[in-house]
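# Chains, contacts and geometry: an overview
One-letter residues, chain by chain:
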Amino acid sequence: MNGVNGVNGTTGSTGSTGRQGPPFSRRDLIGAGLGAALLTAAGAGVAQAAAGTARAGARTAQPAGASAQPAGASARAAGAFARHRAQVFLAATMDAYPDHGPIRLAQSYSDEAGLFSTAFTYDNALAILALLATRTADGRERAIQLGDALLYAQQHDPVHDDGRLRQGYNVGPYTFYDGSRQPDGFVRADGSVNVGTQFGFTGTAVGDMAWAGIALSALARRTGERRFLGGAVRIGEWIERNGRTDEPLGGYKFGVNGADEKLPFTSTEHNTDLLCLFGLLARLTGDRVWEARRARAEAFVMRMWEPDGGFFYTGTNDGVSVNKSPIPEDTQTWTHLALDSRTHARSLDWAARELAVLDHAGRRNSTVPAGQSYDGVTFSSASLLADEDAPIADSQPKPDRNGVWFEGTAHLSLALRERRRRGDEARARRLLDSIERAQDLLGGGQTVGGRALPERAGVVSASSPLDTGFGFGYYPYRHVGATAWYLMAAVRSNPLRV
C-alpha cells in the first residue's frame, strides 16, 4: 500500500514505516499522511469458555510438538474443537478491558505485537462475520455488540459526523513508548470514541469502510434491526462521496488520510469489497443506484485482470496506469469469493502455485520451533524475494521468505471450497490443517490487555516474520483477523457473496 511499489488493501497488520520503536499497521500510512508514510482475559463468559477448553485440553494432552487434537476423535470432532477455541479467542479479545464500559471493540493483536489496545475496524468487521458464521447464541450476541460499537463510532467521532469510521481505535488504557499515558477505553469521558492517534490510525480507507458495511449488512439481515442497515447505508454514501473517481481506470479511490486529504491510489482489493457491499445495499434497500455503483467497482476490477498469467494486478497509483508489481494474494482469492467467475477462477491456481510456502525450523530466519512445519501462502510475489539480511524495520526481526500468512491461507482455503473443482476440497483441507496446527502450537503464553489468553486459542498472523513487499510485515502474534478468516473457512461461510 505505498505509492512507490504498489497499492493494496486493508487487512490489519503489524508492520513498520521504518521509524524506531513499535511495529505499525499499514493503516499508519494513511493516518500519518502519504508523504511521511513513504519516507519513512477475559470476563466471566470467556473464563467459562476458556475453562471448558482447558478441560478438553487436559483430556487430550499430547507430547510436546505434537498436534493437540482429541485422541481418537473423528476429524469432525477435532475441527469442532479447533473452531471452539477460535471463538474463545475472539471473546477474550472483546472482554480484555472489563472496567471500561459495555461498548467495546476487540483488540486486534495480542499485547506482544506492540500495538497496545488497538482495535482495527477491518478486524472487528471480520469478527462480526465470523461470529455470525458460528451460528451460536453467544456468537450472535457478541456480533451484535461489535456492530453496535461500530455504529457508536460512526455517531460519536470526535471530529466528523459524516458516517466515516477510522482505521483503528484504542479500547483500553496503556502507557505509550514515550511514557505518555493513554487512560481511556473505547468511549472517552465526553462520550466520543477513542481514535488511535498514538499510532496515526486516524485516516479512513474505503476497504475498511466496505468491510464494516458488509458486517453491518449481515447483522441487518440476521437480526432484522434497521439500525444496522442505516449504518451500512451511511458507509456506502461516504464511499460514493469520497471514493468515486472519473479517472481513466475508474472505480473507487483508496480513501483519506488523517488530515482528510484524498489519497491517489485505487485498489483492486477495495473495489472487490465494494462488489459485495454495494450488492448487499441494492438488495436490502431496493434502491437501484447501488447496482450502478457496484457496476463501476466491478469494471475497475476487470481492468486489473491479466489473462495471460491468470491473475489480478494490485491496482493503480495514479488512475491511469496499472501497477504490475508486487502481486498480492488477496486480490486473487477475494475476487473469486465476490465474483464466482469461471473465467477468472484461475486466479486461485496462480495464488496456490506462485505464492506457496513451507515454513520450518531449518529455514534461515524461521521462528518455527524444531519439529514443526506449516504450509500455506505468503502475502505477495515480493514476499518471496524479501531481503533476509535486513529487518523489515528497525527493532524488528529479519523476515523469512517462507513465512506462512495464515489470514491469506484461510481465505484461499475458503475460495477453493467455494470453487469445488476436482481436488479443491483436499487442497483446502490441507491448508486448514496447517492453520489448526498453528493454533495449537504457535503463539503460546501471549496476553491481551495484560491478561493471559486461553492457551491454544487464536491463530497467529504469520508462522514467522514475513515482509509483505508493501512496506510492512506480519509476525507470529495471535490475531483477530487471521482467526476470523479461519473460522469462516472452516464453516464454509463466504462473507463476500451477495
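Remember, it's a predicted structure, so these values are computed and weren't measured experimentally. (Residues numbered from 1 in each chain as written. Predicted model: local features only at pLDDT ≥ 70, side-chain atom pairs only at ≥ 80, totals over all residues. Heavy atoms only, no water.)

### So, the packing of aromatic side chains
Where two aromatic rings form a pair, the distance of their centres and the angle of their planes describe that pair. Evaluation of the coordinates by the stated rule reveals 28 aromatic pairs. A centroid spacing of 5.0 Å and a plane angle of 65° characterise the contact between phenylalanine 120 and phenylalanine 201, whose relative ring orientation is edge-to-face. Note that phenylalanine 120 is positioned in strand β1 (residues 118-120) and phenylalanine 201 in the loop between β4 (181-182) and β5 (204-205), a separation of 81 residues in sequence. Each of the two residues, phenylalanine 120 as well as phenylalanine 201, counts as buried. A connected cluster of aromatic rings, assembled from ring pairs, spans Phe116, Phe120, Tyr174, Phe176, Tyr177, Phe199 and Phe201. Just above the ring of tryptophan 290 sits the side chain of arginine 293; from NZ or CZ to the centre is 4.6 Å. (Phe/Tyr/Trp six-rings, centres within 6.5 Å; stacked < 30°, edge-to-face > 60°. Helix = DSSP H or I, 4+ residues; strand = E, 2+ residues; numbered from the N terminus. Buried < 20%, exposed > 50% of the residue type's maximum accessible area, 1.4 Å probe, protein only. Lys NZ or Arg CZ within 6 Å of the ring centre and 35° of its normal.)

### Some points on the pairing of strand β13 (residues 373-377)
A large share of β13 lies buried, amounting to four of its five residues. One ladder, built from five bridges, connects strand β12 (residues 356-360) with β13; its direction is antiparallel. From the neighbouring strand, aspartate 359 faces β13, where its bridge partner is tyrosine 374. (Pairing = 2+ DSSP bridges.)

### With respect to the nonpolar core
Residues Trp211, Ile239 and Trp485 are the most contacted members of the largest nonpolar core, which totals 113 residues. By size, the runner-up hydrophobic cluster in this structure holds 19 residues, among which are Phe116, Phe470, Phe472 and Tyr474. (Core = buried A, V, L, I, M, F, W, Y, C linked by side-chain atoms within 4.5 Å.)

### A short note on the pattern of salt bridges
If you walk through the whole model with that rule in mind, you get 34 salt bridges. One salt bridge connects arginine 429 with glutamate 436, and the closest N-O pair in it is separated by 3.0 Å. Residue glutamate 436 is classed as buried on the basis of its relative accessible area of 4%. Linking aspartate 440 and arginine 456 is a salt bridge whose minimum nitrogen-to-oxygen distance equals 4.0 Å. Here aspartate 440, found in helix α14 (residues 424-441), pairs with arginine 456, found in the loop between β15 (451-452) and β16 (466-467); they are 16 residues apart in sequence, far enough to count as distant. Linked through salt bridges whose partners overlap, the residues forming this network are Asp95, Arg104, Asp138 and Arg142. (Salt bridge = Lys/Arg side-chain N within 4 Å of Asp/Glu carboxyl O.)

### A few points about α14
Given a rise of 1.5 Å per residue, 18 residues ought to cover 26 Å, and the 26 Å separating the end C-alpha atoms of α14 matches this to within 8%. Every buried residue of α14 is accounted for by Asp424, Ala428, Leu431, Leu432, Ser434, Ile435, Glu436, Ala438, Gln439 and Asp440. Elements in contact with the buried residues of α14: α4 (75-94), β13, α13 (406-419) and α15 (480-490). (Expected span 1.5 Å × (residues − 1). Contact = heavy atoms within 4.5 Å.)

### Observations concerning the layout of surface pockets
What the largest pocket holds in volume is close to 390 Å³. Those elements that place two or more of their residues in the lining of the largest pocket are α5 (121-133), α7 (206-223) and α9 (268-285). For the lining of the largest pocket, the element with the most residues is α7, which contributes four residues. Its residues placed into classes, the lining of the largest pocket shows nine nonpolar, three polar and five charged. (1 Å grid on protein atoms, 1.4 Å probe; cavity = no way out; pocket = protein on both sides within 12 Å on 5 of 7 lines; lining within 4 Å. Points joined across faces, edges and corners; volume = space filled by probe spheres on them. Nonpolar A, V, L, I, M, F, W, Y, C, P; charged D, E, K, R; others polar.)

### Description of the confidence of the model for the protein chain
Overall, the prediction assigns the protein chain a mean pLDDT of 88, with 85% of residues at 70 or greater. Every residue in residues 1-69 scores below 50 in pLDDT, and together they form 223 contacts with partners more than four places removed in sequence or on other chains. (pLDDT = per-residue confidence, 0-100.)

### Structural notes on empty space enclosed by the protein
Empty space within the largest cavity amounts to approximately 60 Å³. Together, Thr93, Met94, Tyr97, His100, Gly101, Ile103, Arg104, Leu105, Gln107, Val171, Gly185 and Phe186 line the largest cavity. Counted by class, the lining of the largest cavity contains six nonpolar, five polar and one charged residues.

### Considering helix α10 (residues 289-303)
For an α-helix, 3.6 residues make a turn, and residues three or four places apart therefore share a direction. Over its 15 residues, α10 extends 22 Å from the first C-alpha to the last, a length consistent with the 21 Å expected when each residue adds 1.5 Å. Burial in α10 covers these residues: Trp290, Arg293, Ala297, Phe300 and Val301. Down the axis of α10, the sector holding all buried residues measures 105°, keeping them to one side. (Arc of directions from axis to C-beta.)

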